[in-house]
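In case you want the letters, here they are:
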Amino acid sequence: MQQQGQSDQERRADKSFFGQPRGLSTLFFTEMWERFSYYGMRAILIFYMYFSVTKGGLGFSQSTAASIMAIYGSMVYLTSVIGGFVSDRIWGSRKTVFYGGVLIMFGHIALSMPLGKIALFASIVLITLGTGLLKPNISEMVGGLYTEYDNRRDSGFTIFVFGINFGSFISPLLVSWLGMSVNFHLGFSLAAIGMFFGLLQYILGGKKHLPSTSLYPSDPLEPDDAKKLSIRVGLGVVVFGLILLLLHVMGSLNIDTFITLLSIIAIATPIIYFVVILSSKKISSTNRSRVIAYIPLFIAAAVFWAIEEQGSVVLALFAQNQTDNNVLGFTIKAGWYQSLNPLFIMIYTPLFAWLWMKLGKRQPSSPGKFSTGMVIAGLSYLFMVIPVSLFGSSALVSPLWLLGSWAIIEVAELLISPIGLSVTTKLAPKAFESQMMSMWFLADSAGQAVNSQIVKFYTPDNEVNYFMIVGLVAIVAGILLAFLIKPIKKLMEGVN
């Protein structure tokens, strides 16, 4: 049996999980089950919110349900910043991931109970906080399994990412079948069971196979720091409460204004982060130049995620309302289409890995890949203009249109998502390494915050304009970025 306090030599010798450290198995299955629970829930949540009460839903308007879905995703990525801080300064990654998993499980349990809107909003709070605690830290723990000179690190992360996509692929198939064929609450119960299995795997495997360093914060709070933090958090809560009270007194406090308030916070947070980093005396002029170079890439990523994350909102509605889901006597559940994202990622990843190795130094720069990805993302939405223009918004069209749209945008994701992670670490100043990684999550958060406002315009009468305008915005942004490639590369100060 392995002990927690392994030496570097013992860690290098541990090859018990496909040649990787045994601890990778623990983290692989924990994250696989967490993604199973999260994407299974997301596959049916929008339908649960806007289906009528007689059909087992909550009876929200379609636009309100879409807006809630978008801000939900935004808050999940926004709270990842909190998760990183709590791990680094208070609990350590092991405890932070565990408590995050517990909150997620109870969030799904809340949804599994027929308690209406109260259970919905309670589950959103629990799952948002839980995912924020778990997601960034479990990835950090994977890196902690390897020594600085262990060349298995990249292949270990590849296996880990496969687990993420595998869990994300199978869950919409199972949860949608149970939730939409039998009962929504049974579907959410399956998501809760998935997270329970993830926690069980984590507890049993963690004691044996995860390094002891994960039990302790890397930069623990000093008493004075803790006092300052408590005051700042308290002031933040008071200010937020006063804003809600003011809206209530004005008679303006409702779901839409609350979503707008959260959207403003999600967009303002990365702006504040950039100001803090760029004005810091801890960074050199070279580092400052690199952070400035990162800003257009951040904006590009936010625009991309705004489109990609609409797969569980706009394309989910299209799948339910405008797709002929009866194929050769077989009925496709609308939630099943959510499996297309991870499916294409698993198909494309080895092809892109081969392509970049083949091109070597001849491959496009990071800004060049971003620019191409933006244009391709826009084309995925222009592709959806075709069936609506040909057949109208009241006709049921072939599932192949949705298949094609997802096939296109996942090419864009592989040009932006892994490249963005890589360039973020390369451009990060030493004093702000963790915060810069948080910035990458905040790009997704900001994109979905914008979504929470624009998805309200997705209606049958406005469908062609919606797909066309969103698609063209991404394409124009990609073209503008292409013109900025040279100045961005110059600002990157030698980082490619």
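The structure presented is a predicted model; accordingly, all values stated were derived computationally and were not measured. (Residues numbered from 1 in each chain as written. Predicted model: local features only at pLDDT ≥ 70, side-chain atom pairs only at ≥ 80, totals over all residues. Heavy atoms only, no water.)

### Regarding the packing of aromatic side chains
Turning to step 1, where the next piece is worked out: Within the structure shown, the criterion is met by 30 aromatic pairs.
Turning to step 2, where the next piece is worked out: Measuring from centroid to centroid gives 6.1 Å for Phe162 and Phe166, while their planes differ by 15°, and the two rings are stacked. Note that Phe162 and Phe166 are positioned in helix H7 (residues 153-181) at a spacing of four residues, about one turn of the helix.
Turning to step 3, where the next piece is worked out: Since its relative accessible area comes to 33%, Phe166 is described here as partly exposed.
Turning to step 4, where the next piece is worked out: Look at Phe383 and Trp401: their rings are 5.2 Å apart centre to centre, the planes differ by 45°, and that puts the pair in the tilted class. With a gap of 18 residues between them, Phe383 in helix H14 (residues 366-391) and Trp401 in helix H15 (residues 400-427) connect regions that are remote in the sequence.
Turning to step 5, where the next piece is worked out: Judged by relative accessible area, Phe383 falls into the partly exposed class, the value being 22%.
Turning to step 6, where the next piece is worked out: Ring-pair connections join several aromatic residues into one group, and the members of that group are Phe47, Tyr48, Tyr50, Phe51, Phe184 and Phe188.
Turning to step 7, where the next piece is worked out: Across from the ring centre of Trp356, 4.0 Å away, lies the NZ or CZ of Lys369, which sits over that ring. (Phe/Tyr/Trp six-rings, centres within 6.5 Å; stacked < 30°, edge-to-face > 60°. Helix = DSSP H or I, 4+ residues; strand = E, 2+ residues; numbered from the N terminus. Buried < 20%, exposed > 50% of the residue type's maximum accessible area, 1.4 Å probe, protein only. Lys NZ or Arg CZ within 6 Å of the ring centre and 35° of its normal.)

### Brief notes about the side chain of Ser417
Turning to step 1, where the next piece is worked out: Relative to the elements of secondary structure, Ser417 occurs in helix H15.
Turning to step 2, where the next piece is worked out: Residue classification places Ser417 among the buried positions, given a relative accessible area of 14%.
Turning to step 3, where the next piece is worked out: Beyond its immediate chain neighbours, meaning those up to four positions away, Ser417 contacts Trp305 and Trp440. (Contact = heavy atoms within 4.5 Å.)

### Observations regarding a nonpolar patch on the surface
Turning to step 1, where the next piece is worked out: There is a patch of nonpolar side chains on the surface, built from Ile193, Phe196, Phe197, Leu200, Ile203 and Leu204 and spanning about 530 Å² of accessible area.
Turning to step 2, where the next piece is worked out: Looking at the element boundaries, Phe196 is found in helix H8 (residues 184-209). (Patch = residues over 30% accessible without salt bridge, like charges linked within 9 Å, V, L, I, M, F, W, Y side chains within 5 Å. Areas by Shrake-Rupley, 256 points an atom, 1.4 Å probe, with all protein chains shown as cover. Salt bridge = Lys/Arg side-chain N within 4 Å of Asp/Glu carboxyl O.)

### Observations regarding the nonpolar core
Turning to step 1, where the next piece is worked out: In this structure, Met41, Leu45, Ile46, Tyr294, Phe370 and Phe467 are the most contacted members of the largest nonpolar core, which totals 105 residues.
Turning to step 2, where the next piece is worked out: Here this core takes twelve residues from H15, the largest share from any one element.
Turning to step 3, where the next piece is worked out: The next biggest cluster of nonpolar side chains, apart from the first, holds 20 residues, and it includes Met32, Leu134, Val142 and Leu210. (Core = buried A, V, L, I, M, F, W, Y, C linked by side-chain atoms within 4.5 Å.)

### Overview of the packing of helix H3 (residues 62-78) against helix H4 (residues 80-91)
Turning to step 1, where the next piece is worked out: It is the contact of H3 with H4, at a shortest axis distance of 4 Å, that shows an interaxial angle of 20°. The pairing of H3 with H4 is recorded here as roughly parallel in orientation. Contact residues: H3 offers Val76, Tyr77 and Leu78, while H4 offers Ser80, Val81 and Ile82. (Axes fitted to C-alpha atoms, helices over the stretch in contact; angles between N-to-C directions. Parallel < 35°, antiparallel > 145°, perpendicular 65-115°, else oblique.)

### Points about the confidence of the model for the chain
A low pLDDT score tells you not to read the predicted coordinates there in detail.
Turning to step 1, where the next piece is worked out: Per-residue pLDDT for the chain averages 88, and the proportion of residues at 70 or more is 96%.
Turning to step 2, where the next piece is worked out: Model confidence for the chain, summarised as mean pLDDT per element, is weakest for helix H1 (residues 8-13) at 55 and strongest for helix H17 (residues 463-483) at 95.
Turning to step 3, where the next piece is worked out: Across residues 1-5 the pLDDT falls below 50, and counting only partners more than four positions away or on other chains, this stretch makes 15 contacts in the model. (pLDDT = per-residue confidence, 0-100.)

### Observations regarding the packing of helix H13 (residues 340-359) against H15
Turning to step 1, where the next piece is worked out: One way to put it is that H13 packs onto H15 with a least axis distance of 9 Å and a crossing angle of 50°. Taken as axis vectors, H13 and H15 run oblique relative to one another. Where H13 crosses over H15, the two elements pack in a sense that is right-handed. Residues Leu340, Asn341, Phe344, Ile345, Tyr348, Thr349, Phe352 and Trp356 of H13 form the contact with H15, whose own contacting residues are Leu402, Leu403, Trp406, Ala407, Glu410, Val411, Glu413, Leu414, Leu415 and Ile419. (Left-handed = near helix turned anticlockwise from the far one by under 90°.)

### Observations concerning helix H2 (residues 22-50)
Turning to step 1, where the next piece is worked out: For H2, spanning 29 residues, the distance from its first C-alpha to its last is 44 Å, which sits close to the expected 42 Å at 1.5 Å a residue.
Turning to step 2, where the next piece is worked out: At Ile44, H2 is bent by approximately 35°, the largest bend along its length.
Turning to step 3, where the next piece is worked out: The element H2 is largely enclosed, with a buried count of 25 among its 29 residues. (Expected span 1.5 Å × (residues − 1). Bend = angle between axes of the 7 residues up to and from the residue.)

### Observations regarding the environment of Val291
Turning to step 1, where the next piece is worked out: With respect to the element layout, Val291 can be found in helix H11 (residues 285-308).
Turning to step 2, where the next piece is worked out: Take Val291: its relative accessible area is 0%, and that puts it in the buried class.
Turning to step 3, where the next piece is worked out: Along the backbone, Val291 and Ile307 are 16 residues apart, and their C-alpha atoms lie at a distance of 25 Å.
Turning to step 4, where the next piece is worked out: Not counting residues within four places of it along the chain, the set of residues in contact with Val291 comprises Phe274, Ile277, Leu278, Leu427 and Pro429.

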